[in-house]
Amino acid sequence: IHSFCKKDDHNKENLFNSLNYDVAAKKRKKDLLNNKAKIQYFHQEKWIYVHKGSTKERHGYCTLGEAFNRLDFSSAILDSRRFNYVVRLLELIAKSQLTSLSGIAQKNYMNILEKVVQKVLEDQQNIRLIRELLQTLYTSLCTLVQRVGKSVLVGNINMWVHRMESILHWQQQLNNIQITRPAFKGTTLTDLPLCLQLNIMQRLSDGRDLVSLGQVAPDLQVLSEDRLLWKKLCQYHFTDRQIRKRLILSDKGHLDWKKMYFKLIRCYPRKEQYGDTLQLCRHCHILSWKGTDHPCTANNPESCSTSLSPQDFINLFRF
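Taking an unreviewed UniProt entry as the reference, the protein chain is identified by name as F-box only protein 32 belonging to Ardeotis kori. Looking at the Function (unreviewed entry) heading of the UniProt record, one finds this comment for the protein chain: "Substrate recognition component of a SCF (SKP1-CUL1-F-box protein) E3 ubiquitin-protein ligase complex which mediates the ubiquitination and subsequent proteasomal degradation of target proteins. Probably recognizes and binds to phosphorylated target proteins during skeletal muscle atrophy. Recognizes TERF1." Its UniProt record gives the protein chain the following Subunit (unreviewed entry) comment, quoted word for word: "Part of the SCF (SKP1-CUL1-F-box) E3 ubiquitin-protein ligase complex SCF(FBXO32) formed of CUL1, SKP1, RBX1 and FBXO32."

Under the counting rule described, the total for this entry stands at 11 aromatic pairs. Aromatic side chains F313 and F317 sit 5.3 Å apart centroid to centroid with 70° between the ring planes, which places their arrangement in the edge-to-face category. In this structure, F313 and F317 share a single accessibility class: buried. Pairwise contacts between aromatic rings join F68, F73, Y85, Y109, Y274, W289, F313 and F317 into one cluster. The ring of W160 carries R163 above its face, with NZ or CZ at 4.5 Å from the centroid.

Its identity as a non-glycine residue notwithstanding, Q124 has a phi of 60°, on the positive side. Take Q124: it is sitting in the loop between helix 5 (103–123) and helix 6 (127–146). The backbone phi angle of N126 is positive, close to 60°, even though this residue is not glycine. Secondary-structure assignment places N126 in the loop between helix 5 and helix 6. With a relative accessible area of 34%, N126 lands in the partly exposed category.

The subject of this paragraph is the packing of helix 5 against helix 6. Close contact between helix 5 and helix 6 brings their axes to 10 Å; oriented N to C, the two are set at 150°. In this view, helix 5 runs roughly antiparallel relative to helix 6, as classed from their interaxial angle. Considering how the two elements wind past one another, helix 5 and helix 6 form a crossing that is left-handed. Between helix 5 and helix 6, the contacting residues are Y109, M110, L113, V116, V117 and V120 on the first element and I127, I130, L133, L134 and L137 on the second. Here the contact of helix 5 with helix 6 is composed, by residue class, of 11 nonpolar, no polar and no charged.

Under the defined criterion, the tally for this structure stands at 14 salt bridges. Two residues, E66 and R70, come together in a salt bridge whose shortest N-O distance is 3.6 Å. Pair noted here: E66 and R70 are both in helix 2 (residues 64–70), with a separation of 4 residues, about one helical turn. Using a relative accessible area of 31% as the deciding quantity, one classes E66 as partly exposed.

Looking now at the sheet that holds strand 4 (residues 305–308). Across a sheet, strands are paired by hydrogen bonds formed along the backbone, either parallel or antiparallel in direction. As summarised here, the arrangement of the 4 strands in space is 1-3-2-4, forming an open sheet in which the pairing is antiparallel. Lying at the two open borders of the sheet, with one neighbouring strand each, are strand 1 (47–49) and strand 4. Strand-to-strand, the axes of this sheet are offset by a mean angle of 25°, without reference to chain direction. Here strand 1 runs beside strand 3 (residues 286–289); their pairing, made up of 3 bridges, is antiparallel. Along strand 3, the bridge assignment pairs W47 with S288.

What counts and what doesn't
- Residues numbered from 1 in each chain as written.
- Predicted model: local features only at pLDDT ≥ 70, side-chain atom pairs only at ≥ 80, totals over all residues.
- Heavy atoms only, no water.
- UniProt positions renumbered as here; feature names shortened; annotations may be inferred.
- Phe/Tyr/Trp six-rings, centres within 6.5 Å; stacked < 30°, edge-to-face > 60°.
- Buried < 20%, exposed > 50% of the residue type's maximum accessible area, 1.4 Å probe, protein only.
- Lys NZ or Arg CZ within 6 Å of the ring centre and 35° of its normal.
- Helix = DSSP H or I, 4+ residues; strand = E, 2+ residues; numbered from the N terminus.
- Axes fitted to C-alpha atoms, helices over the stretch in contact; angles between N-to-C directions.
- Parallel < 35°, antiparallel > 145°, perpendicular 65-115°, else oblique.
- Left-handed = near helix turned anticlockwise from the far one by under 90°.
- Contact = heavy atoms within 4.5 Å.
- Nonpolar A, V, L, I, M, F, W, Y, C, P; charged D, E, K, R; others polar.
- Salt bridge = Lys/Arg side-chain N within 4 Å of Asp/Glu carboxyl O.
- Pairing = 2+ DSSP bridges.

In structure tokens:
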């Protein structure tokens, strides 16, 4: 009996150690996936099923955070056609939907934002766009942190203070960027005929880019003040009714399209255009990036796809 008890205790000890090992291994795996990894939460499928009539009690319920985790935004920011779309989506979430994300989705949000900042620091492109995104996020976090007693944020307050410090650090890095002039001595924009220079300017969709371009050289300054250029820009972004409500005359009695543009953008949203967008299949209610294969049973899946703007994407999860 004595030897049996010793053997039994030995087996219990081995079983206890084995259980501890399994628990520790599972914990390390969970930490690797959720807490320590600097990558987006991994899912094999890059699409998600969502139905407008779904709720927590009905099949097909999907949250904004779940969609944000599964739609491969980490890879999308590396695609120039999708970059502006993802940045706009990050900005809209920062304005009003940050508290709608789960803890893992909020972590993914910050990780993707960090990748966006690093990409801009390396490429030295879209600097103003990311500055505006960081400022919007920081302002929203300042408001939410003050209301932390109402449990509006997931996680410890110190963690969010650390994230706010990271945002300030990223802003400082963007402010310190020194854009270097390329060593290439070939044909430049000002070497082209004036009609081609003007044609290139007409491809810019942001009036601030026109103003910045006009500060490069005196000749470009003259072209950037072209009335027809600003007229087309106003007509591109705004309706005739909106324009008629904000008419501004110059000293010579003509319509001052440049002043009208900057007044209009303060009153109305500008037209958004993206190279690539998320698409919702009307047949199977699956949300995915354009060109992503999904299990659709329609005869012609492409005809069933509807492009979604960043705001449409967020509205899709307002049940």
